[in-house]
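# Working through the structure, step by step
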Amino acid sequence: DTAGLRMVSLFPSRGRLSLREVSGSLGDLGTFIPLLLGLARAGGVEPVPALFWAGAFNVLGGLTWDAPMCVQPMKTIAAVGIAEGLSSQQVALAGMMTSAMVLLLGASSAILLVARLVPDAVVRGMQLGLGMSLALKGCALIAADTPHALPPLQTAGGRYAVAGTAL
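The text that follows walks through the structure, step by step, so that each part is easy to find.

Conventions and cut-offs
- Residues numbered from 1 in each chain as written.
- Predicted model: local features only at pLDDT ≥ 70, side-chain atom pairs only at ≥ 80, totals over all residues.
- Heavy atoms only, no water.
- Helix = DSSP H or I, 4+ residues; strand = E, 2+ residues; numbered from the N terminus.
- Contact = heavy atoms within 4.5 Å.
- Core = buried A, V, L, I, M, F, W, Y, C linked by side-chain atoms within 4.5 Å.
- Buried < 20%, exposed > 50% of the residue type's maximum accessible area, 1.4 Å probe, protein only.
- Phe/Tyr/Trp six-rings, centres within 6.5 Å; stacked < 30°, edge-to-face > 60°.
- Patch = residues over 30% accessible without salt bridge, like charges linked within 9 Å, V, L, I, M, F, W, Y side chains within 5 Å.
- Areas by Shrake-Rupley, 256 points an atom, 1.4 Å probe, with all protein chains shown as cover.
- Salt bridge = Lys/Arg side-chain N within 4 Å of Asp/Glu carboxyl O.
- Axes fitted to C-alpha atoms, helices over the stretch in contact; angles between N-to-C directions.
- Parallel < 35°, antiparallel > 145°, perpendicular 65-115°, else oblique.
- Left-handed = near helix turned anticlockwise from the far one by under 90°.
- Nonpolar A, V, L, I, M, F, W, Y, C, P; charged D, E, K, R; others polar.

Our next topic: the overall build of the protein. Counting its regular elements, the protein contains eight helices and zero strands. Moving toward the C terminus, one meets the helices and strands of the protein in the order α-α-α-α-α-α-α-α. Partitioning the intrachain contacts of the protein with sequence separation of at least 6 by distance along the chain shows that 60% fall at a separation of at least 24.

To continue, consider the environment of A94. Examined against the element boundaries, A94 turns out to sit in helix 5 (residues 88–108). As for A94 and G81, which are separated by 13 residues in sequence, their C-alpha atoms are 9.4 Å apart.

What follows covers unusual backbone geometry. Despite not being glycine, S109 has its phi angle at roughly 65 degrees, a positive value. Relative to the helices and strands, S109 is located in the loop between helix 5 and helix 6 (110–117).

A separate point is the nonpolar core. In this structure, L35, L39, V45 and V91 are the most contacted members of the largest nonpolar core, which totals 13 residues. Of all the elements in the fold, those that place two or more residues in this core are helix 2 (29–41) and helix 4 (72–84). With five residues, the single largest contributor to this core is helix 2. Look past the residues within four positions of L35 in its chain and what remains in contact with it is K75, A78, A79, I82 and L134.

Before going further, it helps to examine the packing of aromatic side chains. Evaluated as defined, the whole model comprises one aromatic pair. Note on F52 and W53: the rings are 4.9 Å apart at their centroids and 80 degrees apart in plane angle, and the pair reads as edge-to-face.

What follows deals with a nonpolar patch on the surface. A surface patch of nonpolar side chains, about 650 Å² in accessible area, is lined by I111, L113, V114, L117, V118, V122, V123 and M126. At the level of elements, helix 6 and helix 7 (120–143) are the ones that each hand at least two residues to the nonpolar patch. With four residues, helix 6 is the single largest residue contributor to the nonpolar patch. Residue placement: L113 occurs in helix 6. Overall, the relative accessible area of 41% leaves L113 in the partly exposed class.

Right, let's get into the packing of helix 4 against helix 7. Closest axis-to-axis distance for the helix 4/helix 7 pair is 9 Å, and the angle between their directions is 45 degrees. Considered as vectors, helix 4 and helix 7 are oriented oblique to each other. When you trace helix 4 past helix 7, the crossing you get is left-handed. Between helix 4, through T76, A79, V80, I82 and A83, and helix 7, the contact on the second element is made entirely by L130, S133, L134 and K137. In the contact of helix 4 with helix 7, the residues fall into six nonpolar, two polar and one charged.

Remember that the coordinates give geometry; whether it matters functionally is a separate question.
Here it is as structure tokens:
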């Protein structure tokens, strides 16, 4: 059902950006930042340039479309990068390809057709599969030896306790 979807003009009327919208646009950072740091730990990206460019393009996108943008595609790329151990080149290419597709689908309004043709069950199944892959990778990282960690994190039991407390 596409009734809830609305297309945003490429030439928006300025001045509608409120503090509530800015606050809402930052809501995804609670999951984006940990995923980005996990990806950086796995060697998939350098965190400082990634944060800078993600922020810069989110601001540019928000100003261009007159709406705050979520970072769902970036979170998905980070999750796949961590779970599959992607290289920095693979992560960069995934970001470029995703950006091109989002631009093409959004500018052409083809996203409305995609939303109508792809069942919610397919989307939910992909989300579940990616979430399970990321959870399994997290368990593997918890179980792995980390001699350089703080004392409570040097044993697998300590790492599981910290992970359980974080939930």
